[in-house]
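Chain by chain, the residues run as shown.
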Amino acid sequence: MAFININSIKVRTFDAIVIGSGISGGWSAKELTGLGLRTLVLERGRDVKHGQDYPTAMKNPWEFPHLGQMPQSVREANPIASQCYAFNEDAAHFFVKDAEHPYIQEKPFSWIRGYQVGGKSLMWARGTQRWSQYDFEGPARDGFAVEWPIGYKDIAPWYSYVEKFAGISGNKDGLPQLPDGEFLPPHEQSCVEKHFSQQMAKHYNNTRPVIIGRCAHLTKPNPIHHEQGRGQCLNRVLCQRGCPYGGYFSSNSSTLPWAQKTGKMTLKPDSVVHSIIYDEQKGKATGVRVIDAHTKEMTEYYARIIFLNASTLNTNLILLNSKSRRFPNGLGNDSGLLGKYIAFHNFRTTISAEYEGFSDTITEGNRPNGSYIPRFRNVFKQETDFLRGYAAGFGSSRMLNNDLSGFGADLKANLTAKKYGNWRVSSHMMGETIPKESNYATLDAGLTDAWGVPLLKLSVAYDDNDEKMIVDFHEQMTEMLTVAGFTNIKTNDQPQKAPGLDIHEMGGVRMGKDAKTSLLNKWNQLHACKNVFVTDGACMTSNSTQNPSLTYMALTARAADYAGKELRKGNL
Amino acid sequence: MKRRSAVKNLTLAVAGLVSLPAWASGWSSASLGPVASLTVPEESLLAEIVETIIPETDTPGAKSLKVHQFVMRMITDCYGSAVQGNLEKGLLTVDQVANGAFNKAFSNLDTRQRTDVLTHLQKAEDPATQQFISLVKNLTIRGYLNSEYVQLNLLDYKMAPGFYHGCVAIES
């Protein structure tokens, strides 16, 4: 570790600064250092080194005292984090605790965060589906939000670029609504999932495909993955603990060590970004103000370009807090739209059913993935009384039907007898929500956190379109399961599940063609401050139905390539 | 209705063994650490109850696997003071019922008499008693099935199978 003299401007000056080290920040780091740029990567949380800082990764099941369940005292102290499906004994250390990082809910919004090197790329669900042209065309066709400044053809080569490096498994399904990628071998569907897929093809004339999900797992690593020090996925399905084998993609296992190897990256954990510094004379950003998470001392760092990858809502917060005479309402906020048009994915409801056939079969091993039903509503034209539609996950397992009545030796024998019941399937809806001006993030006028940064105030809610979509999901899935011979079909809408638990919040700093109606141009540059690039979820104009991370990766690599070219031309 | 949902919960608990990822299951007495939420006589009684639910046969029973300590740890840490209070009350009820029926403490009954007492409690009208016995039974089953011994010796636990096969014929 080189000695850093904090008083010297020179040692605090870099070619590029990346704010955030999660899934998009990791890509910014890799791409910018790959261009030869001396890059400072700032992370507000602690360092997490691949392998060595995954404390639970190799624990045997019997080494967890509560079967993964969180003690009541922890649940009571963390009512927000506790709603997250992955906030359990084996991974809770990667989630933000409620009291440490407060925010204000004008309307219920469960903001799930991971403040550490690698961010949420450690605990993400690893689904990686490409957007299609029909997704990018959504706002223009259906008249909501604002037109995307890019289309599928602009991003397709960058999808390929990031897929090859990250390692994405999937099947080439040839679907226009869900384009194929650069795939490693797919996972297998269970017999019941295959049956459902075949029945859907028959009954809906191939308009409702049920495919194996595409996911960021090394089912068969290529040399580029071995070069990253990653190995084949071992089907442990313990991913949220961090994978010592690098079997799935994370910043920690992939992009950050790759950037480190260039010798061009300086990674600074425990560095809370307060704001971006804007220089009125130069007409551009010159650096960032950073608060040491422990000493709370503020230091300025300088660079020619800044990539903002702090995660959707924190990126909004940093821009809103970057006030200057030129930008009194937040950096780049000439339109007044900064923080507005936040959207998310509607994950409120699920449906389950049973299948009485295939009783002589089971699954073996583990699959870190599931089947996937791409959006089939309103894809090629508007056909319902709501806008857009939903994708759905679809999984199956064989139930156990052991006799648990009674006490004693018979009960004991029954417990390990593996008497199988019906196959059980379940499907969760992933609904597109419509970005609206009334769904917004602002800064609280008075309250600040422990670092003196204003608290974020969130006002995001479901709307009538979301409610209609839930009804349609129930109706359509019930019909689909029924025609495929499933029984005991049960829907489970949970209206109390607040937005945010999808962990797919997007927008607030949207891309667009016109500086009057958007914050970013087609290269993810702030219209009004061209050397600041926003390439995390905040940039999203609309949110479609796909798991978003792959799109952030591709947008980041594309923007970094452009930034490099512009730097060489002297335009930044 | 309550009973039905308790039975349903038990089914879910066991089904969870297969459908939940492996981290969600398992414990050993070493990982539990010291737990002293009950008095020594109460703990001894609980040990006899879990042993009645899952007795030693040609393989260890719940008592020698220290499942009672797992039950205590879970109730203390995860279920709150009301349920902890109901555990203590339920243990008193067990001995009351044993004394009423057989004029002996539960620990002094033979296996069949013990089973009769627990069966009687399971059919009790009192919701608190029902909650007590179904929770203890549920946690005993979870604790037993997820213990190091059962995971390794009876359920063939593998942390890293290295494969997934979606459609495998069941060996008969």
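Located above this text is the structure these notes cover.
Keep in mind the model is a prediction, meaning the values are calculated, not measured.

Draft legend 1. Looking closely at the packing of helix H4 (residues 67-102) of chain B against helix H6 (residues 127-145) of chain B. All names here are of chain B. Between H4 and H6, the shortest axis-to-axis distance is 9 Å and the interhelical angle comes to 145 degrees. For the pair H4 and H6, the crossing hand works out as left-handed. Looking at the contact of H4 with H6 residue by residue, the classes come out as 16 nonpolar, 7 polar and 2 charged.

Draft legend 2. The environment of A:Thr448, seen in detail. Residue and element names in this part refer to chain A. Summarising the element assignment, Thr448 is placed in strand S19 (residues 440-448). Separated by 422 residues in the primary sequence, Thr448 and Gly26 have C-alpha atoms spaced 28 Å apart. If we skip the residues at most four places from it in the chain, Thr448 touches Val453, Pro454 and Leu455.

Draft legend 3. Broad picture of the interface of chain B and chain A. Chain B puts 61 residues into the contact, and the matching count from chain A is 56 residues. Summed over both sides, the interface between chain B and chain A buries roughly 4800 Å², with carbon and sulfur atoms accounting for 66% of that surface. One can count 0 salt bridges joining chain B with chain A. Viewed at the interface, chain A and chain B are joined by 21 residue pairs in polar contact (both at pLDDT 80 or more). Elements with a contribution of two residues or more to the side of chain B that touches chain A: helix H1 (2-19), helix H2 (29-32), helix H3 (40-53), H4, helix H5 (111-122), H6, helix H7 (148-153) and strand S1 (164-169) of chain B. Looking at the side of chain B that touches chain A residue by residue, the class counts come to 36 nonpolar, 19 polar and 6 charged.

Draft legend 4. Representation of the sheet that holds strand S2 (residues 39-42) of chain A. Residues and elements named next belong to chain A. Taken together, the 6 strands give an open sheet; going across it, the order is S7-S2-S1-S11-S24-S23, and neighbouring strands pair in mixed fashion. Whereas interior strands pair on both sides, the edge strands pair on one side only; in this sheet they are strand S7 (265-268) and strand S23 (525-526). Judged from the 4 bridges that link them, S2 and S7 form a sheet pairing that is parallel. Residue Leu42 lies in a different strand from S7, and its bridge partner there is Lys268. Along the sheet, helix H1 (residues 23-34) makes contact with strand S1 (16-19), S2, S7 and strand S11 (305-308), crossing S1 at roughly 165 degrees. The sheet strands contacting helix H9 (residues 312-321) are S1, S11, S23 and strand S24 (529-534), and the helix crosses S11 at an angle near 135 degrees.

Draft legend 5. Fine view of the side chain of A:Gln476. Residue and element names in this part refer to chain A. Looking at the element boundaries, Gln476 is found in helix H11 (residues 464-483). A distance of 2.9 Å separates a polar atom in the side chain of Gln476 from a polar atom in the side chain of Arg208. Once residues lying within four places of it in the same chain are set aside, the contact partners of Gln476 are Arg208, Phe376, Arg377 and Tyr390.

Draft legend 6. Structural detail: the state of the cysteines. Taken as a whole, this structure holds 1 disulfide over all chains when the rule is applied. Sulfur-sulfur distance for the disulfide between A:Cys191 and B:Cys167 comes to 2.3 Å. The sign of the 105 degrees torsion about the S-S bond sets the A:Cys191-B:Cys167 disulfide as right-handed. One end of the pair, A:Cys191, is in helix H6 (residues 191-203); the other, B:Cys167, is in strand S1, on a second chain. Judged by relative accessible area, which is 35%, B:Cys167 ranks as partly exposed.

Draft legend 7. The arrangement of the packing of H4(B) against H5(B) in detail. All names here are of chain B. Following both chains from N to C, one finds H4 and H5 inclined at 120 degrees, their axes separated by 10 Å at the closest point. Relative to H5, the element H4 lies oblique. In terms of crossing hand, the pair formed by H4 and H5 is right-handed. On H5, the residues touching Thr93, Val94, Val97, Ala98 and Phe102 of H4 are Gln113, Asp116, Val117, His120 and Leu121. Residue composition of the contact of H4 with H5, by class: 6 nonpolar, 3 polar and 1 charged.

Cut-offs used in this document
Residues numbered from 1 in each chain as written. Chains lettered and ligands numbered in written order. Predicted model: local features only at pLDDT ≥ 70, side-chain atom pairs only at ≥ 80, totals over all residues. Heavy atoms only, no water. Axes fitted to C-alpha atoms, helices over the stretch in contact; angles between N-to-C directions. Helix = DSSP H or I, 4+ residues; strand = E, 2+ residues; numbered from the N terminus. Left-handed = near helix turned anticlockwise from the far one by under 90°. Nonpolar A, V, L, I, M, F, W, Y, C, P; charged D, E, K, R; others polar. Contact = heavy atoms within 4.5 Å. Buried area = accessible area lost by both parts, 1.4 Å probe. Salt bridge = Lys/Arg side-chain N within 4 Å of Asp/Glu carboxyl O. Polar contact = N/O pair within 3.5 Å; in protein donor to acceptor, adjacent residues only side chain to side chain. Pairing = 2+ DSSP bridges. Disulfide = S-S within 2.5 Å. Buried < 20%, exposed > 50% of the residue type's maximum accessible area, 1.4 Å probe, protein only. Parallel < 35°, antiparallel > 145°, perpendicular 65-115°, else oblique.

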